[in-house]
Amino acid sequence: MHKGGADAAAGGLALIADPTRARMLSLILTSPDGRATVTALADELGLRQPTVSHHAKALLDDGVLVREPDGRRAWYSVAPDHLDRVTELLDMPAAESRPDDEAAIVRVVDDLATRFAGTFGRETVERYVRESRDLLAERSGVSKRFTSRAAAFAAERLAALAAQAPESGGAAPEVLFVCVQNAGRSQMAAAILRHLAGDRVHVRTAGSEPADAVSPAVVGVLDEIGVPVGGAYPKPLTDEVVRAADVVITMGCGDACPVYPGKRYEDWELDDPVGRPLGDVRGIRDDIDRRVRELIANLA
C-alpha cells in the first residue's frame with residue numbers, strides 16, 4: 001500500500017477511538033449477518049437517527065464501513081479489508097459470549113459428548129461443562145470468548161479424568177490441514193477437529209504462504225460455537241509434517257503439497273475467509289464443521 005493509502009487507512013481506523021463509533025461497529029459485528037441499518041443502530045444506542053447517520057458517514061468516508069442500498073433503507077457492514085483489524089482493535093470476537101448463553105453451552109455439551117463418547121456419558125459431560133463455566137465466572141467474571149474458554153477448561157478436566165482410566169491402545173491417526181495462509185480455513189478445521197476428537201486424532205496445520213497470525217474474525221466465529229483456537233499460529237508447510245500424516249487435507253493449495261504413497265489425500269473446495277464479510281466467514285465455518293464431522297466418522 002502506498003503512503004497515501006496507508007495514511008487513509010490509519011485515519012479511518014483511528015475513528016474507532018470515538019466511543020459511539022466503537023459501539024456502532026460492535027453492534028454491526030455482533031448482528032446475525034454482520035450488518036445493520038441506521039434505524040436499528042439508533043434504537044440500540046438510544047440516539048437520534050441524524051446523529052448515527054453522521055457517525056456512519058464518517059466511517060463510510062474513511063472506508064471502515066461499506067453501504068448496501070436496499071430499497072428505501074441501506075445496510076452498513078464493516079469493509080472486508082478492515083474486518084480483521086477492526087475486530088482486533090475492538091478486542092472482541094464476532095459475537096460476545098455470556099455465561100447465560102444457554103444455546104452455546106448446549107452446543108459445547110453436545111460437542112464434548114461426541115469427543116468423549118465411549119468414555120463419559122452425556123450427563124457427566126454436561127455436569128463438567130456447567131461446573132467449569134460457573135468456576136470461570138466466579139473467579140474471572142464475564143469476559144470476551146467466555147464460551148470457548150469454558151469449553152477448553154471442561155475439555156481439559158475431562159481429559160485429565162479420562163487419563164486415569166486404562167488406555168485403549170492403538171495409535172491415533174495423524175491429520176494435516178493445509179491452506180495458503182494457514183490463518184483461516186486450515187485453522188478452523190484443526191480447531192474443530194481437536195474440539196470434537198480430542199486425543200483420538202493428532203492434528204497439524206500448515207500454509208504454503210503463511211500469514212503472520214490467525215485471523216481475528218476466524219477466532220471470533222469459532223468462539224461463537226464454543227471452539228477455542230488456543231495458541232495456534234500460522235506455520236510453513238514442511239516435508240516432514242506431510243510424511244507424518246495419515247490424512248492430508250488441502251484447501252486451495254493442493255499443488256504445493258508433496259504426494260507420498262500410502263496416504264489419504266482430500267481437497268476441500270472452500271472460499272478463503274480472511275478479509276470476507278462476517279456472514280460469509282460464518283458460512284465457511286459451518287461448511288468446515290460439517291466436513292470435519294464426516295471426516296471423524298470416516299476415521300472411526
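This is a predicted model, so every value here is computed, not measured.

S.K.: Sorry, what's going on with the packing of aromatic side chains here?
M.R.: Each pair of aromatic rings is reported with the distance of its centres and the angle of its planes. Under the definition given, this model contains 2 aromatic pairs. When the ring of Phe116 is compared with that of Phe120, the centres are 5.8 Å apart and the planes differ by 55°; the resulting orientation is tilted. When its relative accessible area of 7% is taken as the criterion, Phe116 is described as buried. Taken together, a centroid distance of 5.8 Å and an interplanar angle of 55° make the contact between Phe177 and Trp268 tilted. Highlighted residues: Phe177 in strand 3 (residues 174–179) and Trp268 in the loop between strand 6 (264–267) and helix 12 (278–299), separated in sequence by 91 residues. Assessed through its relative accessible area of 5%, Trp268 is described here as buried. A cation over an aromatic ring shows up here: Arg35 above the ring of Trp75, its NZ or CZ 4.1 Å from the ring centre.

S.K.: Which parts of the structure should I look at to understand the environment of Met188?
M.R.: Position of Met188 relative to the elements: it lies in helix 9 (residues 185–197). In this structure the C-alpha to C-alpha distance between Met188 and Thr205, which are 17 residues apart in sequence, comes to 10.0 Å. In this structure Met188 touches Val218, Val221, Leu222, Pro273, Val281, Ile284, Arg285 and Ile288, once residues within four positions along its chain are discounted.

S.K.: For this particular structure, what's the right way to read the nonpolar core?
M.R.: Grouped burial of nonpolar side chains is what soluble globular proteins tend to show. Leu25, Phe177, Leu193 and Val292 are the most contacted members of the largest nonpolar core, which totals 56 residues. The element contributing the most residues to this core is helix 9, with 8 residues. For Leu25, the residues in contact, after removing those within four places along its chain, are Ile16, Leu59, Val64, Leu65, Val78, Val86 and Leu90. If you look at the next biggest cluster of nonpolar residues, it comprises 13 residues, including Ile105, Val125, Tyr128 and Val129.

S.K.: Sorry if this is basic, but what is going on with the pairing of strand 3 here?
M.R.: Residues in a regular strand point their side chains to alternate faces of the sheet. Along strand 3, 6 of the 6 residues are buried, which leaves the element largely enclosed by surrounding structure. Across 6 bridges, strand 3 lies against strand 4 (residues 202–207) in parallel orientation. If you follow Leu176 over to strand 4, its bridge partner there is Arg204. Chirality of the crossover, the property in question, places the unit of strand 3, helix 9 and strand 4 among those that are right-handed. Alignment of strand 3 against strand 5 (residues 247–251), held across 5 bridges, turns out to be parallel. Residue pairing in the sheet places Leu176 in a bridge with Val248 of strand 5.

Basis of the calculations
Residues numbered from 1 in each chain as written. Predicted model: local features only at pLDDT ≥ 70, side-chain atom pairs only at ≥ 80, totals over all residues. Heavy atoms only, no water. Phe/Tyr/Trp six-rings, centres within 6.5 Å; stacked < 30°, edge-to-face > 60°. Buried < 20%, exposed > 50% of the residue type's maximum accessible area, 1.4 Å probe, protein only. Helix = DSSP H or I, 4+ residues; strand = E, 2+ residues; numbered from the N terminus. Lys NZ or Arg CZ within 6 Å of the ring centre and 35° of its normal. Contact = heavy atoms within 4.5 Å. Core = buried A, V, L, I, M, F, W, Y, C linked by side-chain atoms within 4.5 Å. Pairing = 2+ DSSP bridges. Right-handed = clockwise from strand over helix to strand, strands pointing away.

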